[in-house]
There are 2 protein chains.
Amino acid sequence: MDVTPQHTDSPAREAEGPDGLEAAVRRTALAATAYRGWSRGRRAELLDALADAIDGARDTLVPLAHAETHLGAARLQGELTRTSYQLRVFAREIRDGGYLEATIDHAAQTPMGPTPDLRRMLVPLGAVAVYSASNFPFAFSVLGGDTASALAAGNAVVVKVHPGHPRTSRAVSRIAEQVFSAQDAPADLLTFVEGFEDGVALVRHPLIRAAGFTGSLGGGRALADAAAARPDPIPFYGELASLNPVLVTPRAAATRAEEFGTGLAGSILQGGGQFCTKPGLIMVPTGDAGDRLVASIGSVIASAAAKPALTSAMAASYSAGAADRAALAEVRARGRDSTADDQTRPLLLETSATALSPALLEECFGPLAVVVRYGSAEEAMTVVDMLDGSLTATMLTAEDRDDQLGDVLAALTEKVGRVLFNGYPTGVAVNHAQHHGGPWPATNTVHTSVGVTAIRRFLRPIAWQDAPQEVLPIELREESTDVPRRVDGSYVLAAQHVHVLGADGEDEREAGST
Amino acid sequence: MDVTPQHTDSPAREAEGPDGLEAAVRRTALAATAYRGWSRGRRAELLDALADAIDGARDTLVPLAHAETHLGAARLQGELTRTSYQLRVFAREIRDGGYLEATIDHAAQTPMGPTPDLRRMLVPLGAVAVYSASNFPFAFSVLGGDTASALAAGNAVVVKVHPGHPRTSRAVSRIAEQVFSAQDAPADLLTFVEGFEDGVALVRHPLIRAAGFTGSLGGGRALADAAAARPDPIPFYGELASLNPVLVTPRAAATRAEEFGTGLAGSILQGGGQFCTKPGLIMVPTGDAGDRLVASIGSVIASAAAKPALTSAMAASYSAGAADRAALAEVRARGRDSTADDQTRPLLLETSATALSPALLEECFGPLAVVVRYGSAEEAMTVVDMLDGSLTATMLTAEDRDDQLGDVLAALTEKVGRVLFNGYPTGVAVNHAQHHGGPWPATNTVHTSVGVTAIRRFLRPIAWQDAPQEVLPIELREESTDVPRRVDGSYVLAAQHVHVLGADGEDEREAGST
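Residues numbered from 1 in each chain as written. Chains lettered and ligands numbered in written order. Predicted model: local features only at pLDDT ≥ 70, side-chain atom pairs only at ≥ 80, totals over all residues. Heavy atoms only, no water.

Per an unreviewed UniProt entry, chain A goes by the name Aldehyde dehydrogenase (NADP(+)) and belongs to Brachybacterium ginsengisoli.

Novice: I tried to follow the interface of chain B and chain A on my own but got confused; where do I start?
Specialist: Frequently, the measure chosen for interface size is the accessible area that the parts lose on association. Facing 89 residues of chain B, the contacting portion of chain A comprises 89 residues. Between chain B and chain A, roughly 7,600 Å² of surface is buried when both sides are summed, and carbon and sulfur atoms account for 57% of that area. If you sort the residues of chain B by the area they bury against chain A, Met112(B), Val446(B) and Tyr491(B) come out on top, with a joint share of 10%. Across the pair Glu93(B) and Arg486(A) runs a salt bridge, and its minimum N-O distance is 2.9 Å. At the junction of chain B and chain A, the tally comes to 45 residue pairs in polar contact (both at pLDDT 80 or more). (Contact = heavy atoms within 4.5 Å. Buried area = accessible area lost by both parts, 1.4 Å probe. Salt bridge = Lys/Arg side-chain N within 4 Å of Asp/Glu carboxyl O. Polar contact = N/O pair within 3.5 Å; in protein donor to acceptor, adjacent residues only side chain to side chain.)

Novice: How should the confidence of the model for chain A be read in this particular structure?
Specialist: Should the pLDDT be low somewhere, the predicted coordinates at that spot are not to be read in detail. All names here are of chain A. For chain A, per-residue confidence averages 92 on the pLDDT scale, and residues scoring 70 or more make up 91% of the total. Predicted confidence is poor over residues 1-8, with pLDDT under 50, and the contacts of this stretch with residues over four places away or in other chains come to 21 contacts. Counted against residues more than four places away or in other chains, residues 503-514, with its pLDDT under 50, gives 32 contacts. In the predicted assembly, ipTM is 0.94 and pTM is 0.94. (pLDDT = per-residue confidence, 0-100.)

Novice: Even after reading the chapter, I still don't get the packing of aromatic side chains, so can you show me in this structure?
Specialist: Each aromatic ring pair is summarised here by two numbers: the centre-to-centre distance and the angle between the ring planes. The final tally for this structure, using the stated rule, is twelve aromatic pairs over all chains. For the pair Phe136(B) and Phe275(B), a centre-to-centre distance of 5.4 Å together with 40 degrees between the ring planes defines the contact as tilted. Of the two residues, Phe136(B) sits in the loop between strand S5 (127-131) and helix H6 (145-153) while Phe275(B) sits in the loop between helix H10 (250-269) and strand S11 (281-285), which places them 139 residues apart along the sequence. Note on Phe275(B): relative accessible area 10%, which makes it buried. One aromatic cluster in this structure is built from Tyr131(A), Phe213(A) and Phe236(A). Taking NZ or CZ as reference, Arg42(A) lies 3.6 Å from the ring centre of Trp38(A), over its face. (Phe/Tyr/Trp six-rings, centres within 6.5 Å; stacked < 30°, edge-to-face > 60°. Helix = DSSP H or I, 4+ residues; strand = E, 2+ residues; numbered from the N terminus. Buried < 20%, exposed > 50% of the residue type's maximum accessible area, 1.4 Å probe, protein only. Lys NZ or Arg CZ within 6 Å of the ring centre and 35° of its normal.)

Novice: Help me understand the pairing of strand S15 (residues 347-352) of chain A, please; the structure alone is not making it clear to me.
Specialist: It is a general feature of regular strands that their side chains alternate between the two faces of the sheet. All names here are of chain A. With respect to burial, S15 is a largely interior element, five of its six residues being buried. Here S15 runs beside strand S16 (residues 368-374); their pairing, made up of six bridges, is parallel. Directly across from Leu 349, in S16, lies its bridge partner Val 370. (Pairing = 2+ DSSP bridges.)

Novice: Looking at this model, I keep getting lost on the relation of the copies chain B and chain A. Mind explaining?
Specialist: For the pair of chain copies, the relating operation is a rotation around an axis with a shift along it. Once chain B has been moved 0.0 Å along the axis and rotated by 180 degrees, it coincides with chain A to within an RMSD of 0.0 Å. Here the copies are linked by what is in effect a two-fold axis. When C-alpha positions in chain B are compared against the rotation axis, the closest is assigned to Ala228(B), at 3.2 Å. Of the interface residues in chain B, 100% have counterparts in chain A that sit at the interface too, so the contact is made through matching surfaces. (Least-squares fit on C-alpha atoms with pLDDT ≥ 70 in both.)

Novice: I'm lost on the packing of helix H3 (residues 40-56) of chain A against helix H7 (residues 166-182) of chain A in this one. Help?
Specialist: Pairs of packed helices are described in terms of their axes, by the angle between the two and the distance that separates them. Residues and elements named next belong to chain A. The N-to-C vectors of H3 and H7 enclose an angle of 135 degrees; their axes lie 10 Å apart at closest approach. Judged by the angle between their axes, H3 and H7 are oblique. Helix-helix and strand crossings are classified by hand; for H3 and H7 the assignment is right-handed. When H3 is examined against H7, the residues Leu 46, Ala 49, Leu 50, Ala 53 and Ile 54 are found in contact with a partner set consisting of Ile 175, Ala 176, Val 179 and Phe 180. (Axes fitted to C-alpha atoms, helices over the stretch in contact; angles between N-to-C directions. Parallel < 35°, antiparallel > 145°, perpendicular 65-115°, else oblique. Left-handed = near helix turned anticlockwise from the far one by under 90°.)

Novice: Just to check I follow, could you spell out the domain arrangement of chain A for this structure?
Specialist: Residue and element names in this part refer to chain A. Along its sequence, chain A is organised into domain 1 (18-240 + 448-459) and domain 2 (245-421). Every contact between the two is made by twelve residues of domain 1 and, on the other side, twelve residues of domain 2. Together domain 1 and domain 2 conceal approximately 890 Å² of surface at their shared face, both sides included; 68% is due to carbon and sulfur atoms. Among the residues domain 1 hides against domain 2, the three largest losses belong to His 70, Asn 135 and Glu 239. Together they make up 42% of the total. Taken together, the links from domain 1 to domain 2 amount to zero salt bridges. (Domains from an automatic or database assignment.)

So, in structure tokens, the structure goes:
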């Protein structure tokens, strides 16, 4: 977690008095109660209006975020596009209703005896906490994916703002305020706290029902521990640290060394190396082809200029981590020298599978990657066996398959949440099939923080037994047809959702997608 | 957690040497690796065979369990039926494949730019831990719902056996061994450990990837804390303590006092009061009708014989808890005196909403319930405001609706996982719509431990990006049609799954249920 001094123009400082945290949480919990009664359609309109509003403020927001984060206008334009897109994706999903897992089992005779009428769906939790990330001032911050999924699910949100971009956070929060007002939403649907101490107090607050976090392993672990140690533990969804291993097969090195080398260098350098999915470990075969691939990465890295980090503290942390790693025995370093403070110098380290030090297997946040040369499938497997969990693993195979490395691929798959082929892990699509998660320390959860199913984190099931129709949520009433449901084990869909395959696998009917 | 002395004929003691825990976990992790490759069909056959085998051993198992638990033959016959039924329900679900959440997003152009081909589904975790419960020697033990859902999902299981029924556990484990052998399954798909210390060591073991627990608040909390404190925290799904409040409306008391009174008493006494869903707090209106209802409960309770508890330790704990509660000021007690050791004496306590002590709001495991008399909707609400989370809340309304108590119902719903009307909370159907969970201390999770969706606890998502078809799990290949999938946002179903509603809500097509 960063130690950047607090600014005075953050949304939290402006909104709250000395009892800031307590007041923010109490007001948010009240807003959650009011918001819970909103229909899915009305919530979808709110999310769409938020998306339109931040798109409309693009000319203000992007320069502001660049001034605070140095991420560059192009990168920030893309991030803002992603942020409004995420809000619209969740709006679409809540209109669809599939996320509710609406289920009806009518009264029946079973081998266990007669069973009652039971109806289940997911409902919001109440007030939840979202911890903003340093590296995505829009997409993982005030109106980022965590907030979007929590609001879509029907919760109110207390955002712990990141000290790295307080004015951007303030500007986005003002936009949200205006949209809430225009949509007759509770003003306290989003509130703000700041600082390390209030961050920990937030996850401990009795009215907070869950928390989403993207950030450092140390900060996330402290919050996860606080959530678990509460008198009433709550779910803490942390996205923490990820090495994102890449395996280059001999055939890929032999046939596409320069292309893959240049591509990997671009992925390492993207956003100043400050992506959760930056490829941090690259397994490359020994021999000439591998040499060419490493040289290709190295030449891009060596010619890349140092860049400002998100914060001074992060620049210092990167420089220290890079120096420690580069000083290890049997490590060869490529990169430009630089004496500038607050800058991160791109660096490519190279070692062998047999000499690999565990110190090289921890994420170094910034433009640094470690190449590990392997001489056989067995050597590649020894490297994989040393790895902790990651968000992604990448296979650069050139062709579809390399049977010799099948076991290595299987072992890698066990350790990650996304496996990708002949591409680069940076750049995370926001859709139904995305999974941005993985075994510890990538995350501490079996849920995703990016993509449509991220909404599951901020919901819990309720079952209604023999309930009068008027007590049931509209989505569980007998006559409701606008959400996909599972009824007595069968999938019951309204026409707008349906796409049926015949027994021969051919399309038999298609009534349009949602 | 119980402190019953260890028996020497438990499956754990028989199977393991001095390094019991370490050996059991290592062998189970190896079995998980082998089992992971099994098709869904083969896993379903294994579960069905387990169900058949325990049904076939009914005449041996029921007397054995009765000798160890005193639960009675009828109750245990029913529980065994439930246990084999659960195994078959999970077999059916894994054949169906809906639980996989199989999702395909083809490569597309989006506002975020081009997106790759992404395919997501849920995969097993590996070796998981299951903690047997005292009160269900079959249904929440060796081959109970936790084990069934974990095996169905494709995991191997280390069971921490309960000291209250070691011989029953041993007999069930022998049956499983025989079925594993007949089905060519790894012999170590199920292994066993025992004792408090090994139970804690189990959840701390690096090879254990998740744990399911049904038991006491103290024992569950200790294990949850250990799971959260690991270097790599794992999901711990605990079902702990539940008061299961009941709200009797004035109209229900006026029209059906005797019927509801007798029904409530039966639910309190069922299984010796040793159900997780025993109604422990009953809100009854003041006045004559309420008096009659309370008298009706009381007369059944007062005439009910004391019964042996599951273990001596639990009998002692119940007696102490009952005595403490009965001694509170302004509490009236109904029940027979008894001096027998190891017996639990049914007890009905009565107090008023205004005098209600918080000490009466903690679960007392055994045949005890607390009646709280309320004089107004406001008084009922003050009681609800004092409640912690529960598995269930029951509304006895006689007619469909009581508008005066609508706010109380809404507040109760926020605190529980299942809301039921004009029925009794004991007896938990096993189907798709069931939810057996709820806010702390009922559970520490947003998932259920009973019903089909319990399988979600032992799965995690993986996304494959631009993967060659032959690398993908069969359920994610382009041509696969036998599992329900979400493709580019639409629901794509094979014909056997489909039930479509037309725009007017009428059935348009039905191709059979699964």
